[in-house]
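Structural overview
Residues per chain, in single letters:
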Amino acid sequence: MDFCEYAVKSEYTIKKSDDRQASLYHAVCGIITEVKELEEAFTLEHRVEELGDICWYLALLYKHIPFAFGSGCSNVVTHNKCLKDMKNTAIELIDKIKAHNQYERDNISEIEHKASKISNYIFGYCFNTNIDLNHVFKVNIDKLHKVRYKKGFNSDDANNRDIEAENKELGK
């Protein structure tokens, strides 16, 4: 499964909203929190889960501002450097989205560039940790479709997650 197919499948689990600004903020805040969780992940299963969550937030961003996912290889030497660069780029992305949303700045190409950079760091991280990105996509979609949002997104399921069932699906 490539990112475009993943993004289409993830739409089933995204809250339907006409509030583009809120969705963009949700996406970038989610990316940052999931990168932090990825930093703290020590098992392969946990890393796969957090990478999938980062990709989910990138898919939310992609829904509103399409960008080239993994358009170029990241020249990251270690996965730790990759995490640092991913987090710093996500912080820069917040500033770009703030300027776009609040100041009506025409900076879509800058947002696309930052999102693409984050996706390149994901590729670099996966390469350096021997994680198959297609597996990340599949595991994340399976968790969301089979466990969390069996009938599509709803706030009740989002607020009352069955962590035990999700962990079982993830192989934890």
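Everything that follows concerns the structure shown earlier in this document.
Summary of the structure given here.

Here's the deal with the overall build of the chain
If you tally the helices and strands in the chain, you get 8 helices and 0 strands. Going residue by residue from the N terminus, the α and β elements of the chain occur as α-α-α-α-α-α-α-α. Relative to its length of 172 residues, the chain is compact, with a C-alpha radius of gyration of 15 Å against a globular reference of 16 Å. Within the chain, buried positions represent 45% of all 172 residues.

Focus: the packing of helix α3 (residues 44-64) against helix α6 (residues 133-148)
Contact geometry for α3 and α6: axes closest at 8 Å, N-to-C directions at 80°. By the criterion of interaxial angle, the relationship of α3 to α6 is roughly perpendicular. Across the interface between the two elements, Val48, Glu49, Leu51, Gly52, Asp53, Cys55 and Trp56 of α3 pack against Leu133, His135, Val136, Phe137, Val139, Asn140, Lys143 and Leu144 of α6. Considering only residue class, the contact of α3 with α6 consists of 9 nonpolar, 3 polar and 3 charged.

Concerning the pattern of salt bridges
Going through the model one piece at a time under the given rule, you end up with 14 salt bridges. Glu5 serves as the salt-bridge partner of Lys9, at 3.5 Å between the closest nitrogen and oxygen. Taken together, the residues span about one helical turn, with Lys9 and Glu5 both in helix α1 (residues 3-10) at a distance of 4 residues. Residue classification places Lys9 among the partly exposed residues on the basis of a relative accessible area of 34%. In this structure, a network of salt bridges that share partners links the residues Lys36, Glu39, Glu40 and Lys87.

Conventions adopted
- Sequence order sets the numbering: in each chain, residues are counted from 1 along the sequence as written.
- In view of the model being predicted, local features appear only for residues whose pLDDT reaches at least 70, and side-chain atom pairs are presented and counted only at 80 or more, with totals across whole chains, interfaces and linings using the full set of residues.
- Side-chain numbers come from the whole structure's heavy atoms, not from hydrogens or water.
- The helix and strand labels rest on DSSP assignments: H or I over at least four residues marks a helix, E over at least two residues marks a strand, and numbering proceeds from the N terminus.
- The globule rule used here is 2.2 Å times the number of residues to the 0.38 power, and the radius of gyration it is set against is calculated over C-alpha atoms.
- The rule is simple: take the accessible area with a 1.4 Å probe, protein chains only, and divide by the maximum for that residue type; under 20% is buried, over 50% is exposed, in between is partly exposed.
- For helices, the fitted line uses only the C-alpha atoms of the stretch in contact; every axis is such a line through C-alpha atoms, and the angle between N-to-C directions lies from 0 to 180 degrees.
- Any angle that is under 35 degrees is reported as roughly parallel, and any over 145 degrees as roughly antiparallel; angles of 65 to 115 degrees are reported as roughly perpendicular and all others as oblique.
- Whether two residues are in contact is decided by their heavy atoms: any pair within 4.5 Å suffices.
- We call Asp, Glu, Lys and Arg charged. Ala, Val, Leu, Ile, Met, Phe, Trp, Tyr, Cys and Pro are nonpolar, and the rest, Gly among them, are polar.
- One side-chain nitrogen of Lys or Arg within 4 Å of one carboxyl oxygen of Asp or Glu is enough to make a salt bridge.

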